[in-house]
Amino acid sequence: MNKLNLIFAKRIDETHYRREYLDSKRTLARKTLSTVKPSLINVWTDNSSSPNGPLFESKQSATEFLGALDTGFMITYSIGLYICGTLGDHYNPRRILALGMALSAISVFTFGFVTETLHVYSAPLYAILWISNGFFQSVGWPLVVCIMGSWFGKTARGTVIGAWSTNASVGNILATLIASWTVNIGYQWPFLIICSALFGYSILIFFHLPSAPWEVEMEEENGKEKISREDNERPPPLGFFRAWLLPGVIAFAISYLCLKLVNDGFFFWLPFYLHNGLNWQESTADGLAAWYDVGGIISSIIAGALSDRMKSRTIIIFVMLLLSTVSLLAYAHSPVSYYWNAFILLIVGFFIGGPLNMIAGCITSDLGKSEVLRGNAEALSTVTGIIDGTGSVGSAIGQWLIPLVRNWLGWDAIFYGFMIMVVLSAFCISPVLWREWKENKHEKVSQKTGDKEQPNGHELNNC
């Protein structure tokens, strides 16, 4: 490998690690609210917190408001995904990404730190800040997948993106750990720490993250001479509505809707359930909730690497979704024991987090780089926005339903509802699995026929 290729390989590694850390920090900012919900409820219902009296008269009202905030966040997040996904295929993803992360850091910082420091407790202000944050956060995932998918081919995509997609779970773990260490001195401090890191890193990304090979200039110094070139020119964007018609996009979008409702239910409400439902201290609940994300990290790496060695990634997702129903049933009836709870959460995270990250990362990259396009159109960011945006619609519905179902029927009903949703998620991708099985069978028949005809000098050039 000459020096030029070494520079190119180094830029690929830099892209991978910078993208990994940035998206971890993006998830940190979103996760912080869910980890400090009990503290927020206490402050909002405390008569001494504000000279105008408590923001809410009861803890139930405060809980329902938090559910409404999560719903509003996911609505604007889903709308933003559809919009920002197309922007990633039309404009430079690096610049849009950096701007969105900086604005997200500012909105979350104001929501959690400024309002508490100045004792400004206003429901409309909280709603504006958090709902705006949903839109700013939406620039992250489609542009992230666009950048990563542009650097790695299909044969290595499962391993690379499977490992990379653990950044969301890593961000969740870091957020819960930071919150558990600092929430006792004030819930505003986790917001300050996380938002400062996110804002600083968005600046670093703006100046140093190469979006794709088409943006990279290879440089080699030869005395005073400087050699530079750009890789293949970027193909034109496919378009939002045409991207829906790519094979598998609709099926995986609806499947992701069902699955993300379940995952984000854990994301937003697991620490609250452990504190309110199982009566653990808030700091203990935050630390325990991290085991769900540990399971997702392990699963994403294993499933991603395994999918590169198989004909179909869909079969892995399908089997894991079916097994997740068993793990959810076990968790719904788990004993009130820290170690048992941690172990079962690890298993639940393994069978839910793995398929979730596979669809959001590897599958969207495969669909966005579909053979139908053959490099003639850019659709990766758009397809990612479509699938993640549709999933976020399901998440928004879940955040509205969870506090209501919990008040009416209790926590057990929520877990049984989760089981129904993962079964529906598996059902939605079953047509894709059936189509892939038929194509694989046809390919084997064609290869077998070709082997028989090869001695006679005949070749099958057309399908």
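That block above? That's the structure.
Owing to the predicted nature of the structure, the values given are computational and were not obtained by experimental measurement. (Residues numbered from 1 in each chain as written. Predicted model: local features only at pLDDT ≥ 70, side-chain atom pairs only at ≥ 80, totals over all residues. Heavy atoms only, no water.)

Chemist: What is the right way to look at the nonpolar core in this model?
Modeler: Side chains that are nonpolar tend, in soluble globular proteins, to be buried together. Core analysis: the largest hydrophobic core is formed by 113 residues, its most contacted members being Trp44, Phe266, Leu274 and Tyr331. For this core, the leading source of residues is helix α11 (residues 249-276), giving 17 residues. When residues no more than four places from it in sequence are discounted, the contact partners of Leu274 are Asn279, Trp280, Ala285, Leu288, Ala289, Tyr331 and Asn341. (Core = buried A, V, L, I, M, F, W, Y, C linked by side-chain atoms within 4.5 Å. Buried < 20%, exposed > 50% of the residue type's maximum accessible area, 1.4 Å probe, protein only. Helix = DSSP H or I, 4+ residues; strand = E, 2+ residues; numbered from the N terminus. Contact = heavy atoms within 4.5 Å.)

Chemist: Sorry if this is basic, but what is going on with the packing of aromatic side chains here?
Modeler: What describes a pair of aromatic rings is the distance from one ring centre to the other and the angle between the planes of the rings. In the structure shown here, the tally under the stated rule is 30 aromatic pairs. Ring plane angle 65° and centroid distance 5.0 Å describe the contact between Phe111 and Tyr126, whose orientation is recorded as edge-to-face. Of this pair, Phe111 sits in helix α4 (residues 93-117) while Tyr126 sits in helix α5 (residues 123-137); the two residues are 15 residues apart in sequence, bridging distant segments of the chain. Residue class for Phe111 comes out buried when judged on its relative accessible area of 1%. Residue Tyr126 is classed as buried on the basis of its relative accessible area of 0%. Ring centres 6.2 Å apart and planes at 85° place the aromatic pair Phe415 and Phe418 in the edge-to-face group. Placement of the pair is Phe415 and Phe418 together in helix α16 (residues 411-453), with a separation of three residues, close to one helical turn. Taken individually, Phe415 and Phe418 each receive the classification buried, so the pair is uniform in this respect. Aromatic ring contacts, followed pair by pair, group Trp44, Phe56, Phe65, Phe73, Tyr77, Phe111, Tyr126, Trp130, Tyr187 and Phe191 into a single cluster. (Phe/Tyr/Trp six-rings, centres within 6.5 Å; stacked < 30°, edge-to-face > 60°.)

Chemist: Help me understand the side chain of Asp264, please; the structure alone is not making it clear to me.
Modeler: For Asp264, the position within the fold is in helix α11. Buried charge without a partner: Asp264 forms no salt bridge, and the closest opposite charge is Lys260, 4.4 Å away. A polar side-chain atom of Asp264 sits 3.3 Å from a polar atom in the side chain of Asn263. If near-sequence neighbours (up to four positions away) are discounted, Asp264 is found in contact with Met74, Ser395 and Gln399. (Lys, Arg positive; Asp, Glu negative; His and termini not counted. Salt bridge = Lys/Arg side-chain N within 4 Å of Asp/Glu carboxyl O. Polar contact = N/O pair within 3.5 Å; in protein donor to acceptor, adjacent residues only side chain to side chain.)

Function-wise, these values are silent; they only describe arrangement.
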